[in-house]
Amino acid sequence: ATQVLRTGITDKLAQSFLVHFNNAFLNTIEKVRTPHLEHVVSNLRDFAGKVPPKYRGSIEKALRTEGFLSFLLARAALSLLCAKATMPRKPGLADPVPTEEHEQLATVVEELYIAAMLHAEEQWEVELKADGKTFLEVAASFVRHLTDPTKPFMALRQPNISSALLGLDANPLIWSRYGMDLIGLTFEGSFGMSSASPEQNRNRKVSLLGGDSLYATAQWAMANLDSRACRKLIAKTIAKYSDGQLRKRELLWCTDLTIRQYLELEKFAGVATFFGASSACAALVNSVDEGIAEQMAEFGYDIGLVVALLKDTRTPSIKSALERGRMTAPIIYALERDPGLRTLLGRRMGQAGDVEDALRRIKACGLDDTLLLVNRISYRAAARLDCLQDSKEKEALITLISGMGCLPLPRADEPEAAATWHEDEQRSPDAAPSDVERRKDRFDLKIANLRLKAQLQRMQSAERESRERLDGIKDVAAGVPVVARERPAMVGLGLENNDVQVDWLIWGGLERRAPLPDDLDLDSLLRCVAGDQLEVQRRLLALGNSAESRKLQHAIREVFSAGGKRLRPALCHLVHRMLRCPLSTPRTRETEEAAGDALASEPVLELAVAIEIIHTASLIHDDILDDADTRRQRKTIHQVFGPDVAVLSGDFLFAHASGLVENLDNDQVTRLVSLVIEQFGYGELSQSAKQFDVNVTLFEYMKKSFYKTASLLAAACRASAVLSGPSREVCDMMYSYGFYLGLAFQIADDVLDFVGSGKEMGKPAAQDLREGLLTAPVILCLNGHPDLGVEPGPRAQELRQLVLSRFSRGPEDLQAAVDIVREDGGVQRAYRLADQMANKALEALTLAAPADSDARRSLAGLTRWAVRRKA
């Protein structure tokens, strides 16, 4: 410990790297870095363009280097190296090369990491600052040791180590500038402000919007990966991370936290979860055996834990943990040895000098054990790699974990050094030598057993591959045609990220009018699926049981007990009920009553639950962005539980819904839902970019309305149709029905902002206009629409000036704008537009299901209800 304190953690780490990272290792990772990691950097820079400008610059600066230790590339680099290490090798053939799919996966993992950091309160700034300092110090240590003629590191080719690890040349000024860039990327006014300050609220909105847009982009990219197991793992990872983040906050100042509990929490709620996902998904994309995929996941988790533990040993990290009450490994170990530290933490560092006193105690009593724990986890990680065939990439992974874990180089005349105790054991300062030896032997045995298990998995995998190869040879000899497996093409409305489709549908909705059915109340329309709706509500309320965080459990129950129309799951049930009975079956009262008594199929019920969860998650995040205090006449989640709980609750729900969709094992449904989540991100960005913009067009408004509202209704209708089994043409018509119904619903919703009461709507009247969001009634008064034969309103210029002034006189100006919209016919014009969209929905429904049924009548009635509803 004294040696570590004298040299510093980063210097010790730099020396360990230089001891282990020989030229063979550097050459191996250089082949991965060029061109594959460079392609990932290019992808991330493209995605950075979708992030709000405030964060875009910081991401671009963090991507200035393209090395394995770069701030935003560590997970991607590990993913690519694991991908190459787990790719099948055939005798006599060249080594396999990572594919574009591997590069896309590596990009997705980094996107998810950035999104998680943006969503965690202040985490982006904290991580940038901490990693900037670490990068600067490690870089300085590299320079010092590489240029020291007395050191043995001169055998390493300096340009090689510089580019492979850091993505830079050997110029220390460049390294220093990069480190200083990261340190300087904190945002003015982010720290030291009260939670209610306008600036902090604005920062939170920007980070939420940036994180949502990245999550959405990653979701669509994942849908294009040909690995359902990989997609399921990613969804599970995000759900556990969100739950774990809230659990970590509940355990602040908990001095009874054990090392075992700490490691389990860090595994799923810290950086380790993204390393585990990156290594596991890389293996899954290569279709390895389940056992090997599990070993690679645990290997990634171990690397992530090593990274987290090394960060925790740095003085700034210890100080930050003490100030926030976060129990880290050095603090937990020090608490075991120093009762005085427990006293300081018990009064939450409330007196002058407490932080400095606690820091001294932790350095004296906690660092030694923490670094030993790093060693033990590194040994464990290296043992897991025995599941892989021998290759340069496997050796590179072993070298990487050895360097990170500061492990001694093994001597040829003795077995590998092992441990003195394991992380789940309490170390007694007065332990007798025999006790220490027994613990060492026990850990040696655990490592040996782990190696044997990994080796067995490798042999079983090789046996399976040999058997499959032999079966293939027999098939060829027997004349069985060899057909390459191809992923079926996804064709149809809502299955492609295609703006042309959206534009065509919107213009189609502006062309024609048709009569609508008589008005019906919603309860009557949904009576034929009442049993299905009750089952969906039961499953939604039970969702909290899947979370460990008590706050998350309460938040989920609060949001799903608040009521709501449950329109989206109802659409799933109605479409399924309408389509599941073949057209050849006679439609009689008896057959309809029999169909009405049965619940929807299990896949459709799961789809309906997932769709409603996605809708609810989007509302939770929207309420933060809109500063909404109430929804459905109840306080919003961020008002009840705070913004941090609300953000992570939304993330948990999005991820849980993605997992439910993946469990349906239907690629079309996966693509539909993934595209919707990406379109949510587009909708938020386009809406925020058009605030108080008097030149916004009706077409732009409708496209935004599709992204934010109609896309989910359209996807719900088509996904239910896909699971019900009709032709592609029928599925297209059901997508069109949901598309136009969603637009009619949103336009009518925007009209209610002008004519509905705050009590009926569950939110203040004219809320959108107050926020500068110009909707159909305002746009049609300001600009009219030539294709609809609508001219601007008589007082359009006066309305334009009020909007441009952002209602500078407050409520007086806002009310004047509302009066102009009402008196100039904005409400009536918008209702006519909503009627046109509803007519198009009815036309699509007629083409999809010409035969009559209760479900079809309900779907037709919804087109009328969507326009004329009161709330």
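Criteria and thresholds
- Residues numbered from 1 in each chain as written.
- Predicted model: local features only at pLDDT ≥ 70, side-chain atom pairs only at ≥ 80, totals over all residues.
- Heavy atoms only, no water.
- Helix = DSSP H or I, 4+ residues; strand = E, 2+ residues; numbered from the N terminus.
- Buried < 20%, exposed > 50% of the residue type's maximum accessible area, 1.4 Å probe, protein only.
- Areas by Shrake-Rupley, 256 points an atom, 1.4 Å probe, with all protein chains shown as cover.
- Salt bridge = Lys/Arg side-chain N within 4 Å of Asp/Glu carboxyl O.
- Axes fitted to C-alpha atoms, helices over the stretch in contact; angles between N-to-C directions.
- Parallel < 35°, antiparallel > 145°, perpendicular 65-115°, else oblique.
- Left-handed = near helix turned anticlockwise from the far one by under 90°.
- Contact = heavy atoms within 4.5 Å.
- Expected span 1.5 Å × (residues − 1).
- Polar contact = N/O pair within 3.5 Å; in protein donor to acceptor, adjacent residues only side chain to side chain.
- pLDDT = per-residue confidence, 0-100.
- Phe/Tyr/Trp six-rings, centres within 6.5 Å; stacked < 30°, edge-to-face > 60°.
- Lys NZ or Arg CZ within 6 Å of the ring centre and 35° of its normal.
- Disulfide = S-S within 2.5 Å.
- Nonpolar A, V, L, I, M, F, W, Y, C, P; charged D, E, K, R; others polar.

Draft legend 1. Main features of the overall build of the protein. When its secondary structure is counted, the protein shows 40 helices and two strands. Of all 871 residues assigned to the protein, the portion counted as buried reaches 58%. Accessible area for the protein stands at about 35200 Å²; split by element, carbon and sulfur atoms hold 53% of it.

Draft legend 2. How the structure looks around the pattern of salt bridges. The final tally for this structure, using the stated rule, is 46 salt bridges. Of the charged contacts, one joins Arg360 and Asp357 as a salt bridge, the two residues approaching to 2.6 Å between their closest N and O atoms. Remark: Asp357 and Arg360 occur in helix α18 (residues 354-365); sequence separation between them is three residues, near one turn of the helix. Across the pair Arg467 and Glu463 runs a salt bridge, and its minimum N-O distance is 3.7 Å. Of this pair, Arg467 and Glu463 both sit in helix α21 (residues 433-477), four residues apart, which is roughly one turn of that helix. On the accessibility criterion, Arg467 (45% relative accessible area) is partly exposed.

Draft legend 3. Structural detail: the packing of helix α11 (residues 228-250) against helix α30 (residues 643-662). Where α11 meets α30, the closest approach of the two axes is 8 Å, and the angle between their N-to-C directions is 155°. As the angle between them shows, α11 and α30 are arranged roughly antiparallel. For the pair α11 and α30, the sense of crossing is left-handed. When α11 is examined against α30, the residues Arg228, Arg231, Lys232, Ala235, Ile238, Ala239, Ser242, Asp243, Gln245, Leu246 and Arg249 are found in contact with a partner set consisting of Asp644, Val645, Leu648, Ser649, Asp651, Phe652, Ala655, His656, Ser658, Gly659 and Glu662.

Draft legend 4. Representation of helix α39 (residues 826-848). The terminal C-alpha atoms of α39, which comprises 23 residues, lie 33 Å apart, in line with the 33 Å expected from a rise of 1.5 Å per residue. Across the 23 residues that make up α39, a large majority, 19, are buried.

Draft legend 5. The environment of Glu602, seen in detail. Here Glu602 is to be found in helix α28 (residues 602-625). In this structure, the C-alpha to C-alpha distance between Glu602 and Leu664, residues 62 residues apart in sequence, is 9.4 Å. Within the structure, the side chain of Glu602 is placed 2.8 Å from the side chain of Arg539, a separation counted as a polar contact.

Draft legend 6. How the structure looks around the confidence of the model for the protein. Summary statistics for the protein give a mean pLDDT of 81 and a share of 77% for residues scoring 70 or more. Low confidence marks residues 1-6, where pLDDT is under 50. Its contacts with residues over four positions away, or in another chain, come to six contacts.

Draft legend 7. A look at the packing of aromatic side chains. Here the structure, examined in full by the defined rule, presents eight aromatic pairs. Here the aromatic rings of Tyr113 and Phe274 are separated by 5.6 Å at their centres, their planes lie at 80°, and the arrangement is edge-to-face. A residue pair is termed long-range when its members are at least 10 positions apart, and Tyr113 in helix α6 (residues 100-119) and Phe274 in helix α13 (residues 272-285) qualify at 161 residues. Of the two residues examined, Tyr113 and Phe274, each falls in the buried class. Their ring planes at 35° and their centres at 5.0 Å tell us that Phe706 and Phe739 sit as a pair that is tilted. Of this pair, Phe706 sits in helix α32 (residues 698-724) while Phe739 sits in helix α33 (residues 728-755); the two residues are 33 residues apart in sequence, bridging distant segments of the chain. Accessibility assignment for this pair places Phe706 and Phe739 in one class, buried. Through successive ring pairs, a cluster of aromatic residues spans Phe706, Tyr707, Phe739 and Tyr740. Here Arg568 stacks its cationic end above the ring of Phe745, 6.0 Å away from the centre of that ring. Over the face of the ring belonging to Tyr831 we find Arg868, whose NZ or CZ atom lies 4.7 Å from the ring centre.

Draft legend 8. Examining the side chain of Glu250 more closely. Within the secondary structure, Glu250 sits in helix α11. At 2.6 Å, the side chain of Glu250 forms a polar contact with the side chain of Ser549. Separated by 3.0 Å, the side chain of Glu250 and the backbone nitrogen of Arg550 make a polar contact. Setting aside its immediate chain neighbours within four residues, Glu250 contacts Ser549, Arg550 and Lys551.

Draft legend 9. How the structure looks around helix α20 (residues 392-404). Given a rise of 1.5 Å per residue, 13 residues ought to cover 18 Å, and the 18 Å separating the end C-alpha atoms of α20 matches this to within 8%. Within α20, 10 of the 13 residues are buried, which leaves the element mostly enclosed by the surrounding structure. Of the positions making up α20, those classed as buried are Glu393, Lys394, Ala396, Leu397, Thr399, Leu400, Ile401, Ser402, Gly403 and Met404. Just past α20, the residue Cys406 takes up positive phi, approximately 55°.

Draft legend 10. Expanded view of the environment of Pro98. Here Pro98 shows up in the loop between α5 (74-86) and α6. Relative accessible area serves as the criterion here: at 6%, Pro98 is assigned to the buried category. For the pair Pro98 and His36, spaced 62 residues apart in the sequence, the C-alpha separation amounts to 7.4 Å. In this view, Pro98 contacts His36, Leu80, Lys84 and Met87; residues no more than four positions away in its chain are not counted.

Draft legend 11. Molecular detail of unusual backbone geometry. With a phi angle near 60°, Ser287 is a residue other than glycine that sits in the positive phi range. You can call Ser287 exposed: its relative accessible area is 55%.

Draft legend 12. Local environment of the state of the cysteines. Inspection of the entire model under this criterion finds zero disulfides. In this model Cys717 remains outside any disulfide bridge; the closest cysteine sulfur is found in Cys572, 7.3 Å from its own.

Draft legend 13. Structural detail: the packing of helix α12 (residues 259-269) against helix α14 (residues 290-312). Contact pair α12 / α14: the axes reach a minimum separation of 10 Å and the direction vectors enclose 110°. What the angle tells us is that α12 and α14 run roughly perpendicular. The handedness of the crossing between α12 and α14 is right-handed. Contact residues: α12 offers Tyr262, Leu263, Glu266, Lys267 and Phe268, while α14 offers Glu298, Tyr301, Leu305, Ala308, Leu309 and Asp312. Considered class by class, the residues forming the contact of α12 with α14 number seven nonpolar, no polar and four charged.

Draft legend 14. Spotlight on the environment of Pro88. In this fold, Pro88 is placed in the loop between α5 and α6. Sequence separation between Pro88 and Ala462 is 374 residues, and the spatial gap between their C-alpha atoms is 9.7 Å.

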